[in-house]
Amino acid sequence: MEIIFEGIKQAFLLLVYGDHEIWQITWLSLVVSGIATLLSLCIGIPLGSFLGLSRFTGRNLLVSLINTGMGSPPVVIGLIVSISLWRNGPLGFLHILYTPIAMIIAQIIISLPIITSFTLTAIQQLDPKLRLQILALGASRVQMIWLLMNEARLPLLAAIMAGFGAVISEVGASIMVGGNISGHTRVLTTAIVGENSKGNFSLAIALSLILMVLVYMVNFILTMIQQRTKLR
Amino acid sequence: MIGYVIFMKKVSGFIGILWVFAIGFTLGAAQAKQKEIILATTTSTQDCGLLDLLIPIFEKKTGYFVKTIAVGSGQAMAMGQRGEADVLLVHSPESEERFMAEGSGINRRLVMHNDFIIVGTPEDPAGIKGMKSSSEAFRKIAALGIYISRGDNSGTDVKERSIWKAAGINPQGQRWYQQTGLGMGQTLNVAAEKRAYTLTDRGTYLTLQKHLGLSILVEGDAALANTYRIIEVNPDKWQKVNAQGAKAFSDFMVSKKIQKIIKDFGKDRYGSPLFFPDAFKDEKLKMKN
């Protein structure tokens, strides 16, 4: 129990005295997972909207695959991504294994199904009459989608939170494709694993607290946006 | 609606900033290509903090960027076999010899040694404390104790299997024998929680000692020697290997200055050194292992 208090104390001291390495690890976590979530949004929202609005043969199969993807284990994704990125692997010419880019790629694969599926559900649960009404008022297809997404802001922001939450807290893929290299690919989750095996439990607790505060802050901002837009 | 537009503008600004970072990362990665080395090593050298001390010195001196991938010796050599690492720092002599024999590595050199120890709860239910023979101790553990094994093909794991073999016991599938598949640090924690016995390198044990509540029960057996060697991955076999960087790092590890640092490492914190430098000893005088 005292290790936890020691960890809380250490977390506080690390942040107050601005330990350079801790800030860098925290910043990298935010940047890697932030970029991964944003890129997932760029792909997942159009894809989810498309799937939500269209009907074609094999759609249900595709949707069920995406829904399964929401539960895909990060370690499996980490394994597949790292094998593909090996020097002598199919994508070895990119030279990005053990870099933050490799981590971003793995995290995109983890968050994409979540964001796509949430978007699909959000668009699909809107009243179909709304869509007809918008079109009847002379909106183009792009305008219609924009208005629909505006209407579905609440669940779409939930999609962002779920996607970001999945990747910032993920460790299996990050450690495999990033390698937990100090000053380069060490993020909060992989640092926690590393410090735990070095027996620095209070530092591991301190890092955990920083991670939880970070996740809370991001979600707090997103929740503010989500709830504010709801009231208007 | 206006608020929403402003919000979207802010978001796109933020996206812009993140893109700049993404591009920065890409450029950084492309630039690092020539000057980076992948060092595959055992968990013990990483977990005790030795590499955290040595690698910055090397990077500063040579300008290379070292990517340390801390896995077991078995996995490190598997990475070398596929040309996925440039240089290995490992402690599994038998597997290393096989690795060299198949032509996967070049220039295998002794860097340092310490020893393996058998640790367990101070109550010592199997009564092995002070025994001189590791295989005798293992026989007693098999009869009266619980043993926690790495089970990950690491140097420690290979050593452990050789002791079981010497003891004439096949522990696989026995109720008193459990495998973690984890690194040394975590395996020690599991052993401590289960009040069990395990084999560990002295370095990792000393690093974690204060949290563990495990005592050293058997030490000093010649069979418990633990030697660390550096191997460069054979560039003739794998063109993508950074041979120059690998050589620079190996030379660095056996240089006088670094051997001196290894000699003193851990003295201040644990009262005794964690490793003994070996590079300047005559190979014939060195331990058989």
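Calculation criteria
- Residues numbered from 1 in each chain as written.
- Chains lettered and ligands numbered in written order.
- Predicted model: local features only at pLDDT ≥ 70, side-chain atom pairs only at ≥ 80, totals over all residues.
- Heavy atoms only, no water.
- Helix = DSSP H or I, 4+ residues; strand = E, 2+ residues; numbered from the N terminus.
- Buried < 20%, exposed > 50% of the residue type's maximum accessible area, 1.4 Å probe, protein only.
- Contact = heavy atoms within 4.5 Å.
- Areas by Shrake-Rupley, 256 points an atom, 1.4 Å probe, with all protein chains shown as cover.
- Domains from an automatic or database assignment.
- Buried area = accessible area lost by both parts, 1.4 Å probe.
- pLDDT = per-residue confidence, 0-100.
- Axes fitted to C-alpha atoms, helices over the stretch in contact; angles between N-to-C directions.
- Parallel < 35°, antiparallel > 145°, perpendicular 65-115°, else oblique.
- Left-handed = near helix turned anticlockwise from the far one by under 90°.
- Nonpolar A, V, L, I, M, F, W, Y, C, P; charged D, E, K, R; others polar.
- Salt bridge = Lys/Arg side-chain N within 4 Å of Asp/Glu carboxyl O.
- Phe/Tyr/Trp six-rings, centres within 6.5 Å; stacked < 30°, edge-to-face > 60°.
- Lys NZ or Arg CZ within 6 Å of the ring centre and 35° of its normal.
- Polar contact = N/O pair within 3.5 Å; in protein donor to acceptor, adjacent residues only side chain to side chain.
- Core = buried A, V, L, I, M, F, W, Y, C linked by side-chain atoms within 4.5 Å.

**Let's talk about the overall build of chain A**
Argument step 1. In terms of helices and strands, chain A carries eleven helices and zero strands.
Argument step 2. Reading the helices (α) and strands (β) of chain A from amino to carboxyl end gives α-α-α-α-α-α-α-α-α-α-α.
Argument step 3. Along the three orthogonal principal directions, the C-alpha set of chain A runs to about 65 × 50 × 25 Å.
Argument step 4. Across the 232 residues that make up chain A, the buried fraction comes to 51%.
Argument step 5. Sequence-distant contacts, at least 24 apart, represent 75% of the contacts inside chain A between residues at least 6 apart.
Argument step 6. Surface summary for chain A: the accessible area is close to 11200 Å², and the carbon and sulfur share equals 72%.

**Re the domain arrangement of chain B**
Accessible area lost upon the coming together of the parts serves often as the stated size of an interface.
All names here are of chain B.
Argument step 1. Under the domain assignment, chain B is made up of domain 1 (35-113 + 226-277) and domain 2 (115-224).
Argument step 2. The C-alpha-based centres of domain 1 and domain 2 are spaced at 25 Å.
Argument step 3. In this complex, domain 1 contributes 15 residues to the contact, which on the side of domain 2 involves 17 residues.
Argument step 4. Carbon and sulfur atoms make up 58% of the area that domain 1 and domain 2 hide from each other, which totals about 1200 Å².

**Quick word on the environment of Gly199 of chain A**
Argument step 1. Its place among the elements puts Gly199 of chain A in the loop between α10 (188-197) and α11 (201-231).
Argument step 2. Residue class for Gly199 of chain A comes out buried when judged on its relative accessible area of 4%.
Argument step 3. Sequence separation of Gly199 of chain A and Gly58 of chain A is 141 residues, and the distance between their C-alpha atoms is 51 Å.
Argument step 4. Not counting residues within four places of it along the chain, the set of residues in contact with Gly199 of chain A comprises Leu208 and His211 of chain B.

**What about the confidence of the model for chain B?**
Residue and element names in this part refer to chain B.
Argument step 1. Overall, the prediction assigns chain B a mean pLDDT of 85, with 85% of residues at 70 or greater.
Argument step 2. Confidence, expressed as mean pLDDT per element, reaches its minimum in chain B at helix α1 (residues 2-35) with 56 and its maximum at strand β3 (residues 87-90) with 95.
Argument step 3. ipTM for the predicted complex: 0.78, alongside a pTM of 0.82.

**Some details on the packing of helix α3 (residues 50-62) of chain B against helix α11 (residues 256-264) of chain B**
Residue and element names in this part refer to chain B.
Argument step 1. α11 packs onto α3 with a crossing angle of 155° between their chain directions and a minimal axis gap of 11 Å. On the basis of their axis angle, the class for α3 and α11 is roughly antiparallel. Crossing angle aside, the handedness with which α3 passes α11 is right-handed. Counted together, Leu50, Leu53, Leu54 and Ile57 of α3 and Lys257, Ile258, Ile261 and Ile262 of α11 form the full contact between these two elements.
Argument step 2. For the contact of α3 with α11, a count of residues per class yields seven nonpolar, no polar and one charged.

**What about the pattern of salt bridges?**
A side chain with one charge can pair with a side chain of the opposite charge if their charged atoms come near.
All names here are of chain B.
Argument step 1. Here the structure, examined in full by the defined rule, presents 16 salt bridges over all chains.
Argument step 2. Across the salt bridge formed by Glu232 and Arg109, the nearest N and O atoms sit 3.3 Å from each other. With a gap of 123 residues between them, Glu232 in strand β9 (residues 225-233) and Arg109 in strand β4 (residues 105-120) connect regions that are remote in the sequence.
Argument step 3. Overall, the relative accessible area of 4% leaves Glu232 in the buried class.

**Looking at the packing of aromatic side chains**
Argument step 1. Scanning the entire structure with this criterion turns up 14 aromatic pairs over all chains.
Argument step 2. With a centroid separation of 5.9 Å and 25° between ring planes, the pair formed by Phe50 of chain A and Phe56 of chain A is classed as stacked.
Argument step 3. Grouped by ring-pair contacts, the aromatic residues Phe138, Tyr147, Trp164, Trp176 and Tyr177 of chain B constitute a single cluster.
Argument step 4. The side chain of Lys35 of chain B reaches across the aromatic face of Tyr64 of chain B, ending 4.3 Å from its centre.
Argument step 5. Directly above the aromatic system of Trp86 of chain A lies the positively charged group of Arg82 of chain B, at a separation of 3.8 Å from the ring centroid.

**A word on the environment of Ser208 of chain A**
Residues and elements named next belong to chain A.
Argument step 1. With respect to the helices and strands, Ser208 occurs in helix α11.
Argument step 2. By relative accessible area, Ser208 is classed as partly exposed at 21%.
Argument step 3. Separated by 20 residues in sequence, Ser208 and Leu188 place their C-alpha atoms 7.4 Å apart.
Argument step 4. Within the structure, Ser208 has its side chain in polar contact with the backbone oxygen of Ala204 (distance 2.7 Å).

**Examining the side chain of Ser44 of chain B**
All names here are of chain B.
Argument step 1. Counting through the fold element by element, Ser44 comes out in helix α2 (residues 43-47).
Argument step 2. A relative accessible area of 3% places Ser44 in the buried class.
Argument step 3. In this view, Ser44 contacts His91, Asp201, Thr204 and Tyr228; residues no more than four positions away in its chain are not counted.

**Let's talk about the side chain of Ser82 of chain A**
Residue and element names in this part refer to chain A.
Argument step 1. You can see Ser82 is positioned in helix α4 (residues 74-85).
Argument step 2. The class of Ser82 is buried, set by a relative accessible area of 7%.
Argument step 3. For Ser82, the contacting residues outside a window of four places in its chain are Leu97, Met176 and Val177.

**Brief notes about the nonpolar core**
Argument step 1. Grouped together as the largest cluster of nonpolar side chains are 40 residues, with contacts concentrated most on Phe249, Met253 and Phe275 of chain B.
Argument step 2. In terms of residue count, the dominant contributor to this core is α3 of chain B (five residues).
Argument step 3. Once you skip the residues sitting within four places of it in the chain, Met253 of chain B turns out to touch Leu54, Leu89, Val111, Ile230, Ile258, Gln259 and Ile262 of chain B.
Argument step 4. Residues Ile96, Ala102, Ile108 and Ile181 of chain A belong to the second largest nonpolar core, which totals 38 residues.

**Remarks on the confidence of the model for chain A**
Argument step 1. Here chain A averages 89 in pLDDT, and 98% of its residues register 70 or above.
Argument step 2. Of all the helices and strands in chain A, helix α1 (residues 2-16) of chain A carries the lowest mean pLDDT, 80, while helix α5 (residues 100-124) of chain A carries the highest, 95.

**Description of the packing of helix α2 (residues 20-53) of chain A against helix α7 (residues 141-151) of chain A**
If you want to describe how two helices pack, look at the angle between their axes and the distance between the axes.
All names here are of chain A.
Argument step 1. Where α2 contacts α7, the two axes come as close as 12 Å, and the packing angle between them is 100°. Relative to α7, the element α2 is oriented roughly perpendicular. Counted together, Ile45, Ser49 and Leu53 of α2 and Arg141, Met144, Ile145, Leu148 and Met149 of α7 form the full contact between these two elements.
Argument step 2. For the contact of α2 with α7, the class distribution of residues is six nonpolar, one polar and one charged.

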